[in-house]
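Here's the letter readout for the chains.
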Amino acid sequence: MSVKNSKEPPTTQLHTSPQSPSQFTYQNLHDLNDPATSYLSPLSTIGLVDLNAFFAQVEQIRLGLTDQDPVVCGQWHSLIAVSYAARKYGISRMDTIASAKTKCPNLIIGHAPVYKKGEEYWSYVDGLPNAANHKVSLDMYRRESRKILRVINEKFDLTEKASVDESYIDFGREVFTKLMEYFPELKDVEKDQSLPDIPSELPLGLYWEGEVIKSEQEIADDGEGTEPVIKDWDDVCLVIGSQILLDLRRDIYKELGYTTSAGLARNKLMAKLAGGFKKPDDQTIIRNSSIKAFLKNFELTDITGMGGKLGDSLINQLEVPPQAHTISYIREHFTLEQLKEEIKDDVDLAVKLYHIVRGMYAMELTQRMEVKSMTSTKNFTFDAVANLEDAYGWIKVFSGDLHNRLVDLDNENLELSLTKMETKEKNVIRRPKTLSIGVVFPNRIRQTRQLQIPFYKDLSKMKTIMYENGCVLLREFFEANTNISMVNNNIPCKELYTKDPKKVKVVEMQNMSLTISSIHQPKS
DNA sequence: CAGCACGAA
DNA sequence: GGTTCGTGCTG
Ligand SMILES: Nc1ccn([C@H]2C[C@H](O)[C@@H](COP(=O)(O)OP(=O)(O)OP(=O)(O)O)O2)c(=O)n1
């Protein structure tokens, strides 16, 4: 269901196929109403909202274009996001700007904003900036991400920011409230009782929004266009959830102009898979009865956390045949005890896998991710940093970048302390304790050097501190970790550092970075 | 705690 | 490809 048009609400009530007695209990229902327990309830209703081709959408909106225009977000000669209009031409993230232009001559390229070497502020530039003298800034996308989060967090009490463009939402309280509104009989249920059967028809206001994945039974019955079966309260929760989810996506679109894809299911892993199923601008709902059918579309390695070596090693360890559907195979060939036996070294993993292949692994939403560190980095292709002045120039950029992000963090915390009055931590000022530089040499070896930095409330002072100490670290690093004296005619280091930095050669580097860490609140 | 491997967007 | 961010292990 698109956020851009509204369909007439149905004029007939949804028919149900009540299961008698209901599988669910008073406790299941009331667990929904508490953010600490709702993810564990079988009635749990979790959404995942993902911005479509996020960076490309940011560029599209900035340039005043529509989602019909083939916009991409570029970074040097490559693409980091491709709008759905551009994907119609067969363009993907793997394309270069040149190959993309061949596929679509009218392609619109919004290059990510950049810092110039030696400067503290980013800006959008005309044409394509040169990677040797610039560093990409992601501030713009973080800023837009924050605006979207604001819309989400205004409406819901438990959300988890999963990345710059994805958030999980626990709809438990909103679903609970609606259930009580539509089904007052639920108020009469007593502790330790089962819930009553669902009514044979739902109230007129309740109907599905989005793509409801069919169960194996429904596929077998092959009811073309027949309504998805609603047989117990978990299905009703998802009907309600699908409406709440669409409302949210419409709010995001109305207020900020962004389209989203979303998934709705019993837990985060299923919601995530569902969110990727229909893109762009749509939502997909997985009822508990259709989990099995839905999982047929995916392999174990499609599940979050299983995409790398862990997923592969599990498939090897369990000797899943090469042609087999990994998820079904594991589900059908291993009991919980057998999995524990096969994965002896990690019982927790065995239990987790057992639930994952059944689509039943419940993960808690972790609300507040405290920022622990921030890194600003730059890769170099070919000897782009020739002398000390170049190196200082990048430290200038890094300290400017980190400064901008600390300003953002301050604003976010300020907002938090204003909106959530009950937050005890009134002192929201966070400052880093350590500053470190990292350098990667052409032989891939990475080395770091760090020091403690003083606390200042004033962020522009922090910026100066970061720049000056970054330069100190750099000098110490070159002296201790490289043969800087040798590449400069054996002039002693002390003397080198008194000379014009432009005249001081440095060893070749593949990457430089500046990191602040231990970002914490002051004691007093 | 630092440094690294891993997983993700 | 580049620029991030987070977790968990190991020393
Ligand atoms: N390897 C990657 C993957 C993503 N991103 C950035 C650019 C994307 O716009 C944003 C979100 O990533 P997604 O994986 O969600 O992909 P998109 O949002 O681009 O597309 P989709 O509509 O498939 O979610 O993160 C990135 O910089 N590098």
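Up top you'll find the structure we're talking about.
The model shown is predicted, which means the values in this text are computed figures rather than measured ones. (Residues numbered from 1 in each chain as written. Chains lettered and ligands numbered in written order. Predicted model: local features only at pLDDT ≥ 70, side-chain atom pairs only at ≥ 80, totals over all residues. Heavy atoms only, no water.)

Draft legend 1. Layout of the state of the cysteines. Here the structure, examined in full by the defined rule, presents zero disulfides. For the unlinked cysteine C104, the closest cysteine sulfur is that of C73, found at 16 Å. Sulfur of C471: no disulfide; nearest cysteine sulfur belongs to C493 and is 15 Å away. Assessed through its relative accessible area of 6%, C471 is described here as buried. (Disulfide = S-S within 2.5 Å. Buried < 20%, exposed > 50% of the residue type's maximum accessible area, 1.4 Å probe, protein only.)

Draft legend 2. Just the protein's contact with DNA strand B, in detail. The environment of DNA strand B is formed by 14 residues, the closest being K272, G305, K309, L310 and Q450. Sugar plus phosphate, as a fraction of atoms of DNA strand B within 4 Å of the protein: 100%. Here a phosphate oxygen of DNA strand B and a side-chain polar atom of K272 are 2.7 Å apart. The side chain of Q450 places a nitrogen or oxygen atom 2.9 Å from a phosphate oxygen of DNA strand B. (Near = heavy atom within 4 Å. Polar contact = N/O pair within 3.5 Å; in protein donor to acceptor, adjacent residues only side chain to side chain.)

Draft legend 3. Molecular detail of the pattern of salt bridges. The full count for this structure, using the stated rule, is 27 salt bridges. Taking the shortest distance from any N to any O, the salt bridge between R173 and D170 comes out at 3.5 Å. Comparing R173 with D170 shows no difference in burial state: the two are buried. Residues E476 and R449 are paired through a salt bridge, measuring 3.0 Å at the closest nitrogen-oxygen approach. Of this pair, E476 sits in helix 16 (residues 459-481) while R449 sits in strand 15 (residues 446-452); the two residues are 27 residues apart in sequence, bridging distant segments of the chain. Relative accessible area serves as the criterion here: at 31%, E476 is assigned to the partly exposed category. Taking the relative accessible area as the measure of exposure, R449 reaches 29% and is therefore partly exposed. (Salt bridge = Lys/Arg side-chain N within 4 Å of Asp/Glu carboxyl O. Helix = DSSP H or I, 4+ residues; strand = E, 2+ residues; numbered from the N terminus.)

Draft legend 4. Just helix 14 (residues 347-356), in detail. Listed as buried for helix 14 are L349, A350, L353 and I356. Looking straight down helix 14, one finds that the buried residues subtend no more than 130° of arc, so they occupy a single side. The inward-facing, buried residues of helix 14 contact helix 9 (268-275), helix 10 (291-295), helix 11 (309-317), helix 12 (326-333) and helix 13 (336-342). (Arc of directions from axis to C-beta. Contact = heavy atoms within 4.5 Å.)

Draft legend 5. Summary view of the packing of helix 2 (residues 54-62) against helix 5 (residues 139-155). Axis separation between helix 2 and helix 5 bottoms out at 10 Å; the angle between their running directions is 90°. Taken together, the axis directions place helix 2 and helix 5 in an arrangement best described as roughly perpendicular. When helix 2 is examined against helix 5, the residues F54, F55, V58, E59 and R62 are found in contact with a partner set consisting of M140, Y141, E144, S145 and I148. For the contact of helix 2 with helix 5, a count of residues per class yields six nonpolar, one polar and three charged. (Axes fitted to C-alpha atoms, helices over the stretch in contact; angles between N-to-C directions. Parallel < 35°, antiparallel > 145°, perpendicular 65-115°, else oblique. Nonpolar A, V, L, I, M, F, W, Y, C, P; charged D, E, K, R; others polar.)

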